[in-house]
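A structural walkthrough
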Amino acid sequence: MDSTMSRRSPEQMAARRDRSGSVWLVQAFSGLILVALLGIHMIAHHYIVEGGLRDYQQVLDYVSNPIIFTLEVLFVILGVTHSMLGVRSIIGDMRPSAGTLRVANWVLIIAGALAIGYGIYLAVALQQLAG
Amino acid sequence: MPDIQPTTDKARPKSSLKAWFHPRGRSISTIAFALNRLTAIGLTLYLFLHLVVLSQLLRGPEGWNSFVSIAKSPIFLTLDVILLFGVVYHMFNGIRVALVGMGVANQRQKGLFYGLVGIALILFVVGAVLIYTK
């Protein structure tokens, strides 16, 4: 085992650094749930469909299932949250000033909220189109 | 106290993205960490792009089905394969990151890395073959 791994790994340092606000735990648990949700999403949309992608009617039929609808909405919320927290963590590695980090926080919150809002709107609109 | 503090440890990339691409003297763990962050940036960009593309569904069958026919072109399929690599690597290395960060398997993290990334590579190859053949 190399020396860096035997001391403290980057993962442990990231966990220790971010844990004070529980942000790291949200990041980790949302990531673990996303493994399942993204797995379902990719298999359902790209691997079990003949031709590799669902056509319009197949998408509507898929989203009209209430369980699938719920999973897709959960996927949007957790996916966007996980990615925005990840970007924030990467920005933190760049040693930003407190002011830059504050601006970045707001940009990420707004971008994340817009993405989640639009994703939910899209899912609801498609379910309505499916009747 | 803010929950993000400036990096002071030698093992972590310090002040710029450039440090991530400098492999000399880096452990496999640090390289894996940097690759995890690079795939994270790529997947974040793709997430927003994906939401924009999905808006084609609101234009009805013509809009979406014409996109689907474009998405089956060889260039798009190649981009799909690159995306698949990012997804499976980030997914399986992310499991390791979460477990190690929580203090699980600290003494076996190198084996954990090779095991999980090995599974990711197998899934990547199978998925890539399916993308081109399905």
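Every value quoted in this text rests on a predicted model; they were computed, and no experiment measured them.

1. Some words on the overall build of chain B
Looking only at helices and strands, one finds 4 helices and 0 strands in chain B. Put simply, chain B runs from its N terminus to its C terminus through helices and strands in the order α-α-α-α. Within chain B, buried positions represent 41% of all 134 residues. At a minimum sequence separation of 6, the contacts of chain B that also span at least 24 residues come to 60%. Here chain B displays about 7300 Å² of accessible surface, and carbon together with sulfur accounts for 71% of that area.

2. Overview of the overall build of chain A
Tallying secondary structure elements over chain A gives 6 helices and 0 strands in all. Secondary structure elements of chain A, listed N to C terminal, follow the sequence α-α-α-α-α-α. Burial analysis of chain A (131 residues in total) assigns 49% to the buried set. Put simply, of all contacts in chain A between residues at least 6 apart along the chain, 69% involve residues at least 24 apart. With an accessible surface of roughly 6500 Å², chain A has 68% of that area assigned to carbon and sulfur atoms.

3. Some words on the packing of aromatic side chains
All names here are of chain B. Across all of its chains, the model carries 6 aromatic pairs over all chains by this definition. Residues Phe-67 and Phe-76 carry aromatic rings whose centres are separated by 6.3 Å and whose planes lie at 80° to one another, so their mutual orientation is edge-to-face. Residue classification places Phe-76 among the partly exposed residues on the basis of a relative accessible area of 30%. An angle of 15° between the planes, with centres 6.1 Å apart, marks the rings of Phe-85 and Tyr-89 as stacked.

4. Details of the pattern of salt bridges
As enumerated under the stated definition, the model contains 1 salt bridge over all chains in all. The salt bridge partner of B:Arg37 is A:Asp93, with a shortest N-O separation of 2.2 Å. Here B:Arg37 is found in helix H1 (residues 28-54), whereas its partner A:Asp93 is found in helix H5 (residues 66-93) on a different chain. Of the two residues, B:Arg37 and A:Asp93, both sit in the buried class.

5. Looking at helix H3 (residues 23-47) of chain A
In this model, H3(A) (25 residues) spans 34 Å end to end at C-alpha, consistent with the 36 Å of a helix rising 1.5 Å per residue. Taking the largest bend as the criterion, H3(A) deviates by roughly 30°, centred on A:Leu34.

6. Some words on unusual backbone geometry
Residues and elements named next belong to chain A. One non-glycine residue, Arg-95, adopts positive backbone phi at about 55°. With respect to the helices and strands, the residue Arg-95 is situated in the loop between H5 and helix H6 (98-130). Note on Arg-95: relative accessible area 39%, which makes it partly exposed.

7. Here's the deal with the packing of H3(A) against H5(A)
Residues and elements named next belong to chain A. With their axes 8 Å apart at the nearest point, H3 and H5 run at an angle of 135° to one another. Judged on the interaxial angle alone, H5 and H3 are oblique. Considering only the axes of H3 and H5, their crossing is left-handed. Where H3 abuts H5, its residues Val-23, Val-26, Gln-27, Ser-30, Gly-31, Ile-33, Leu-34, Leu-37, Leu-38, Ile-40, His-41 and His-45 lie against Leu-71, Glu-72, Leu-74, Phe-75, Leu-78, Gly-79, Thr-81, His-82, Leu-85, Gly-86 and Arg-88.

What counts, and at which threshold
Residues numbered from 1 in each chain as written. Chains lettered and ligands numbered in written order. Predicted model: local features only at pLDDT ≥ 70, side-chain atom pairs only at ≥ 80, totals over all residues. Heavy atoms only, no water. Helix = DSSP H or I, 4+ residues; strand = E, 2+ residues; numbered from the N terminus. Buried < 20%, exposed > 50% of the residue type's maximum accessible area, 1.4 Å probe, protein only. Contact = heavy atoms within 4.5 Å. Areas by Shrake-Rupley, 256 points an atom, 1.4 Å probe, with all protein chains shown as cover. Phe/Tyr/Trp six-rings, centres within 6.5 Å; stacked < 30°, edge-to-face > 60°. Salt bridge = Lys/Arg side-chain N within 4 Å of Asp/Glu carboxyl O. Expected span 1.5 Å × (residues − 1). Bend = angle between axes of the 7 residues up to and from the residue. Axes fitted to C-alpha atoms, helices over the stretch in contact; angles between N-to-C directions. Parallel < 35°, antiparallel > 145°, perpendicular 65-115°, else oblique. Left-handed = near helix turned anticlockwise from the far one by under 90°.

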